Amino acid sequence: MDHSDGQFPHTRLRRLRYNPAVRRLIAETQLDTRRLVLPLFVRPGSCVRQPIASMPGHAQLSPDLAAEEACEAVQLGLGGVILFGIPEHKDAVGSDAMCDGGVVQQALRAIKAAAPELLTITDVCCCEYTDHGHCGVVTDRAGRRDVDNDATLELLARQAVSHAQAGADMIAPSGMMDGMVGAIRRGLDAAGFGHLPIMSYAAKYASAFYGPFREAAESAPQFGDRRTYQMDPAAAAGQAIREVTLDLAEGADLIMVKPALAYLDIIRQVRDAFPGVPLAAYNVSGEYSMVHAAAERGWLDLRATAMESLTAIHRAGAGIILTYWAKDVAVWLRE
Ligand code: PBG
């Protein structure tokens, strides 16, 4: 038989697809509820549930309601939650993020009291806490306002330590500052948290897909954009490999690629280059909202599109997925 071409009719790939049981037998990508992380937005107060218009099903929650959500996450068997804080007062350096009475710290205590076994991850960054909305300290150099990398590192380390003291199980720096992982590692170690892992947003792109999140977290930059620190979507994929290499050298324990759907090639390349490193992907707000918007118009089937998106992200190589669909998927997988 000629193996170069003309294999039909000996080879019929549809034989593997006729029978649903065979399809199930040979399927190699299976989503797992235990590896999904649910993002939560927390704000001060009690009994506050402030819906996020662009993210149906999600709301800013006060610590008491975040704790209820945490209990639900445990019941559903989710891998964990990641917390984003929206403070009462924002200032130039994001003080709320570093103080013991801060909103994330309050939420951590409430969650730990209600669901001690739930993995709690905190996003460590300045943009939700600063009045200018940038991910660090802004300085003016020769008429050019930009985030001062090295001045920001110390703030990030202080945030991480404060989160750890309030009960965080894992720290996830998302600001794309050079040296952030090393600075946080040193800060945690010095404060007695040498055992806490760091999940670095290592390859995080300057993406339009974060739009709804910035409404949710009230964190849109008040001037300029994030292109001097987040990665350029058009840069060589090797830049992502360099980012991951550096973060690992600084002590990152887990690595993240973000966003997910438009960056499946990056997920795959990072997976292949670092096979032993736990890899997460962030299925970001815009990826969630656009499916919801299309489904509302009857243009897409919400559940099928969500499951296909997450399956593709998993198949590309992300073992862990941060997704606003975490609770829905847990329910769908049980059915
Ligand atoms: C904070 C941060 C952002 C997201 C996660 N952490 C926003 C940003 O970088 O502007 C986006 C998450 C999402 O869109 O779901 N730096």
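To start, this report covers the structure provided alongside it. (Residues numbered from 1 in each chain as written. Predicted model: local features only at pLDDT ≥ 70, side-chain atom pairs only at ≥ 80, totals over all residues. Heavy atoms only, no water.)

**Considerations on the environment of leucine 40**
- Position of leucine 40 among the secondary structure elements: in strand β1 (residues 36-42).
- Put simply, leucine 40 and valine 181 are 141 residues apart on the chain and 23 Å apart in space, counted from C-alpha to C-alpha.
- Residues within four places of leucine 40 in sequence aside, it is in contact with Leu61, Ala66, Glu69, Val81, Ile82, Leu83 and Phe84. (Helix = DSSP H or I, 4+ residues; strand = E, 2+ residues; numbered from the N terminus. Contact = heavy atoms within 4.5 Å.)

**Focus: the pairing of β1**
- Across the seven residues that make up β1, a large majority, seven, are buried.
- Burial along β1 is two-sided: the residues Leu36, Leu38, Leu40 and Val42 and Val37, Pro39 and Phe41 are all buried.
- In this structure, β1 lies alongside strand β12 (residues 320-323), joined through two bridges in parallel fashion. Along β12, the bridge assignment pairs leucine 36 with isoleucine 321.
- One ladder, built from two bridges, connects β1 with strand β3 (residues 59-61); its direction is parallel. Paired with valine 42 across the strands is leucine 61, a residue of β3. (Buried < 20%, exposed > 50% of the residue type's maximum accessible area, 1.4 Å probe, protein only. Pairing = 2+ DSSP bridges.)

**Concerning the packing of aromatic side chains**
- Using the criterion set out here, one finds ten aromatic pairs in the structure.
- Aromatic side chains phenylalanine 84 and phenylalanine 213 sit 5.0 Å apart centroid to centroid with 80 degrees between the ring planes, which places their arrangement in the edge-to-face category. Note that phenylalanine 84 is positioned in strand β4 (residues 80-85) and phenylalanine 213 in helix α6 (residues 211-216), a separation of 129 residues in sequence. When sorted by exposure, phenylalanine 84 lands in the same class as phenylalanine 213, which is buried.
- Here the aromatic rings of tyrosine 201 and tyrosine 282 are separated by 6.2 Å at their centres, their planes lie at 40 degrees, and the arrangement is tilted. Residue tyrosine 201 is located in strand β9 (residues 199-204), and its partner tyrosine 282 is located in strand β11 (residues 279-283); the two are separated by 81 residues in the primary sequence.
- Judged by its relative accessible area of 1%, tyrosine 201 falls in the buried class.
- By the ring-pair criterion, three or more aromatic residues cluster together here, those being Phe41, Phe84, Tyr201, Phe213, Tyr282, Tyr288, Tyr324 and Trp325.
- The residue whose ring lies beneath arginine 145 is phenylalanine 223, and the NZ or CZ to ring-centre distance is 3.8 Å.
- Looking at lysine 204, its charged tip hangs above the ring of tyrosine 210, at a distance of 5.5 Å from the centre. (Phe/Tyr/Trp six-rings, centres within 6.5 Å; stacked < 30°, edge-to-face > 60°. Lys NZ or Arg CZ within 6 Å of the ring centre and 35° of its normal.)

**Examining helix α8 (residues 264-273)**
- Along α8, the positions that sit buried rather than exposed are Ile266, Ile267, Val270 and Arg271. Summarising the axial view, the buried residues of α8 lie within an arc of 135 degrees, below the 170-degree limit, and thus occupy one face.
- Buried residues belonging to α8 abut β9, α7 (237-250), β10 (254-258), β11 and α10 (302-316). (Arc of directions from axis to C-beta.)

**With respect to the pattern of salt bridges**
- Applying the stated criterion to the full structure yields 13 salt bridges.
- Between arginine 34 and aspartate 32 there is a salt bridge, and its shortest N-O distance comes to 2.8 Å.
- For arginine 34, a relative accessible area of 63% puts it in the exposed group.
- A relative accessible area of 24% means that aspartate 32 is categorised as partly exposed.
- We note a salt bridge from lysine 112 to aspartate 169, for which the minimum N-O separation is 2.7 Å. Of the two residues, lysine 112 sits in helix α3 (residues 103-114) while aspartate 169 sits in the loop between α4 (149-166) and β8 (170-173), which places them 57 residues apart along the sequence.
- What makes aspartate 169 partly exposed here is its relative accessible area of 24%.
- Three or more residues joined by partner-sharing salt bridges are found here, namely Glu69, Glu72 and Lys327. (Salt bridge = Lys/Arg side-chain N within 4 Å of Asp/Glu carboxyl O.)

**Regarding the side chain of serine 162**
- Checked against the element boundaries, serine 162 lands in helix α4.
- Accessibility expressed as a relative area gives 4% for serine 162, which makes it buried.
- In this structure the side chain of serine 162 is engaged in a polar contact, spanning 2.7 Å, whose partner is the side chain of glutamine 105.
- Not counting chain neighbours up to four residues away, the residues in contact with serine 162 comprise Ala97, Met98, Cys99, Asp100 and Gln105. (Polar contact = N/O pair within 3.5 Å; in protein donor to acceptor, adjacent residues only side chain to side chain.)

**Section: the site of the ligand**
- Among the 19 residues in the neighbourhood of the ligand, the closest are listed as Lys204, Arg214, Lys258, Ser285 and Tyr324.
- Contact distances for the ligand include 3.3 Å between a nitrogen atom and a side-chain N or O atom of aspartate 123.
- Take serine 285: an N or O atom from its main chain is 2.7 Å from an oxygen atom of the ligand.
- In the complex, the protein chains occlude 100% of the 400 Å² of accessible area that the ligand would expose alone.
- Contributions of two or more residues to the shell around the ligand are made by β9 and α6.
- Of the residues that constitute the shell around the ligand, the class distribution is ten nonpolar, three polar and six charged. (Near = heavy atom within 4 Å. Areas by Shrake-Rupley, 256 points an atom, 1.4 Å probe, with all protein chains shown as cover. Nonpolar A, V, L, I, M, F, W, Y, C, P; charged D, E, K, R; others polar.)

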